[in-house]
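What follows is the residue order along each chain.
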Amino acid sequence: MMASSKNLAPALNSIWQPQPTADGSFTFFSPEFGETFHSLGGARQEAFEKFAIATDLPGKAQASHLRLLDICYGLGYNTAAALEVIWQHNPTCQVTLIGLELDVGVAQAALGVMPPWPASVQEILEGLARQQRVSTPRCEARLLIGDARQTIQDLVCQGFQADAIFLDPFSPQRCPQLWTVEFLSLVAQCLAPEGHLATYCRAAAVRCALQEAGLHLGTLPIVAPQHRHEWAQGTVARWQPDQLIPLSLMEQEHLQTRAGIPYRDPHLRDTAQAIRWRRQVEQQTANRESTSRWRQRWGIT
């Protein structure tokens, strides 16, 4: 994506073929990026656990008004899970929602494979997919179509501040454009002082970019990891270190390896290839421990 990492692909609805996931919900596979939009372990479950719950929406819902920013809106699952959680805990909470997406065809195609969301949530998903704008008694929502590196700048200029930000592009290796220091610095400017930013990504490069943007990091632990390499299922970031699960020593040391060198895109318009190349050059000249040696020390295979 360029409004979402999941959106750099051409707007061809015919390419969006449903892929079943373990919780009974569906996702799409992107031929452009060679990845699915969600974990095959459960698309709907991922939206709740890694985004709606990770950003403390059950607690935040006690407020009279919440603002949400969904970066890489995709199929709309993160937005749907967030609205369901908020209105379960406070049916009168007013929500302002902004979604960033490159290909509106993804959201339109998703209407045919949606899980059974509450009717009030389904109404908003349908409106965003068809008109990119929805106004209901409880929700004002817009879907901004375009390169997220550009549309985020408009939000910064407007002073938009989100209580929760969902950062859900394709992986950094596939779509580094939306994981750079420069882009994440703009994203951070859209995070309210007491807000939470959540992402499924635990990559050291991304975590270091969030730190460069001035945010404190927390880990999103796995309840029952099966292997040593499954040390986290994501990252949560805030302006203040409270309400975060601190990174383990292993995770902290990971940031000091060559893997922790972030992606950079100084003018917010470089290609993925150029961004990857720039990072590789910096890694080759960095006086840092290799990531493979870090893995050996911690017994990660």
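An unreviewed UniProt entry annotates the protein as Tll1622 protein originating from Thermosynechococcus vestitus.

Asker: Help me understand the sheet that holds strand β11 (residues 235–238), please; the structure alone is not making it clear to me.
Answerer: One key point about sheets: their strands pair by backbone hydrogen bonds, in either a parallel or an antiparallel sense. Reading across the sheet, the eight strands line up as β6-β7-β5-β4-β8-β9-β11-β10 and stay open at both edges, with mixed pairing between neighbours. What marks the edges here is a single partner per strand, and that holds for β6 (133–136) and β10 (216–219). Taking the axes of each pair of neighbouring strands and ignoring which way they run, one obtains an average angle of 15° across the sheet. Sheet analysis places strand β8 (residues 162–167) next to strand β9 (residues 191–199), joined by five bridges and oriented parallel. Looking at β9, one finds that Ala164 is bridged to His196. Here helix α3 (residues 77–89) sits on the sheet and contacts β4 (65–71), β5 (94–101), β7 (139–145) and β8; the angle it forms with β4, its principal contact strand, is near 165°. Sheet strands in contact with helix α5 (residues 119–131) are β5, β6 and β7, and its direction is about 145° off that of β6.

Asker: Which parts of the structure should I look at to understand the sheet that holds strand β2 (residues 26–30)?
Answerer: Taken in spatial order, the three strands line up as β1-β2-β3 in an open sheet, and their pairing is antiparallel. The open sheet has two free edges, formed respectively by β1 (18–20) and β3 (35–36), since each of these has just one partner strand. Sheet topology places β1 next to β2; three bridges connect them, and they run antiparallel. Within β2, the position partnered with Pro18 by the bridge is Phe28.

Calculation rules
One numbering rule holds for all chains: residues counted from 1, following each sequence as written. pLDDT decides what is reported in this predicted model: residues at 70 or higher carry local features, side-chain atom pairs at 80 or more are listed and counted, and totals for whole chains, interfaces and linings draw on all residues regardless. Only heavy atoms go into the side-chain values, all of them from the structure, while hydrogens and water stay out. Strands qualify as paired when DSSP identifies two bridges or more between them. Labels follow the DSSP assignment, with helices taken as runs of H or I lasting at least four residues and strands as runs of E lasting at least two, numbered in each case from the N terminus. For helices, the axis comes from a line fit to the C-alpha atoms of the stretch in contact; other axes are also lines fit to C-alpha atoms, and the angle between any two N-to-C directions lies between 0 and 180 degrees. We call two residues in contact whenever any of their non-hydrogen atoms come within 4.5 Å of each other.

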